[in-house]
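Structure assessment
Here is how the chains run, residue by residue.
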Amino acid sequence: MRLGPVSGRYQGFQGANRTSCLDCRVDIDPRGVNSPATYRLSGDFYDVFSIHLPDRPPITWRRYRESWIIDAPQVTWTRCNVTIIGEVRFWKGTHPLTHA
């Protein structure tokens, strides 16, 4: 049995202090005949900043840090999980070879 669609956009904070976040894009399963999958994962890291003023809601903003891509990931489907692994390629800069 294969799970439903996994492709989409996911967001999350890193660490307990929530000072960085990840926007992750997953495109591993086709949505339909006219919407083929690119079989790619990509993501952007952001630094997150907040100002807390008395009697006001917090003001929060993000600053772009860097992007990464996994081309042609290996996808394993089980009844309750999808495991996606591949070699991470960063958009700019020098990074050690990474698998995710």
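The paragraphs below set out a description of the structure included in this document. (Residues numbered from 1 in each chain as written. Predicted model: local features only at pLDDT ≥ 70, side-chain atom pairs only at ≥ 80, totals over all residues. Heavy atoms only, no water.)

**Some words on the side chain of S7**
As a reminder of what qualifies: Only DSSP runs of H or I reaching four residues or more are called helices, and only runs of E reaching two or more are called strands; each is numbered from the N terminus. Counted as a polar contact is a pair of N or O atoms within 3.5 Å, where, for protein atoms, one must be capable of donating a hydrogen and the other of accepting one, and residues adjacent in sequence contribute only when both atoms are in side chains. When checking whether two residues touch, look at their non-hydrogen atoms; a contact exists if any pair is within 4.5 Å.
Looking at where S7 falls in the secondary structure, it is placed in the segment before β1 (8–14). A polar atom in the side chain of S7 sits 2.8 Å from the backbone nitrogen of I28. A distance of 2.3 Å separates the side chain of S7 from the side chain of D29, its partner in a polar contact. Excluding residues that lie within four positions of it along the chain, S7 makes contacts with V26, D27, I28, D29 and R31.

**Brief notes about the nonpolar core**
Filter applied, for reference: Nonpolar cores are built from buried Ala, Val, Leu, Ile, Met, Phe, Trp, Tyr and Cys residues. Side-chain atoms within 4.5 Å join them into one set. Exposure is judged per residue with a 1.4 Å probe applied to protein chains only, and the accessible area is read against the type maximum: over 50% gives exposed, under 20% gives buried, and values in between give partly exposed.
Counting 9 residues, the largest nonpolar core is built from V6, C24, V26, I28, L41, F45, W68, I70 and V88. Put simply, the parts of the chain that give this core at least two residues each are β2 (20–27), β3 (40–51) and β4 (59–71).

**Observations regarding the pattern of salt bridges**
Just so we agree on the cut-off: By definition here, a salt bridge exists when the distance from a side-chain nitrogen of Lys or Arg to a carboxyl oxygen of Asp or Glu is within 4 Å.
If you walk through the whole model with that rule in mind, you get 7 salt bridges. The shortest N-O distance in the salt bridge between R63 and D47 comes to 3.1 Å. Of this pair, R63 sits in strand β4 while D47 sits in strand β3, and the two are 16 residues apart along the sequence. For D47, a relative accessible area of 18% puts it in the buried group.

**Focus: the packing of aromatic side chains**
What counts, and what does not: Ring pairs are drawn from Phe, Tyr and Trp, using the six-membered ring of Trp, whenever the two centres fall within 6.5 Å, and their geometry is named by plane angle: stacked under 30 degrees, edge-to-face over 60, tilted for the rest. A ring is scored as having a charge over it whenever the NZ atom of a lysine or the CZ atom of an arginine sits within 6 Å of its centre and within 35 degrees of its normal.
Using the criterion set out here, one finds 2 aromatic pairs in the structure. Consider the rings of F49 and W61, whose centres lie 5.7 Å apart with planes at 20°: the pair is stacked. Separated by 12 residues along the polypeptide, F49 in strand β3 and W61 in strand β4 bring together distant segments of the chain. On the accessibility criterion, W61 (39% relative accessible area) is partly exposed. For R18, the ring lying beneath its charged end belongs to F13, and the centroid distance is 3.8 Å.

**A few points about unusual backbone geometry**
Residues other than glycine seldom take positive phi values, yet R18 does so here, at roughly 55°. As for its placement among the helices and strands, R18 is situated in the loop between β1 and β2. In this model, A72 sits at a positive phi of 50°, which is unusual for a non-glycine residue. The exposure class of A72 is exposed, given its relative accessible area of 62%.

**Describing the environment of Q11**
Summarising the element assignment, Q11 is placed in strand β1. Counting along the chain gives 11 residues from Q11 to L22, while the straight-line C-alpha distance between them is 5.6 Å. Aside from chain neighbours lying at most four places away, what touches Q11 is L22, D23 and R62. At 3.0 Å, the side chain of Q11 and the side chain of D23 are in polar contact.

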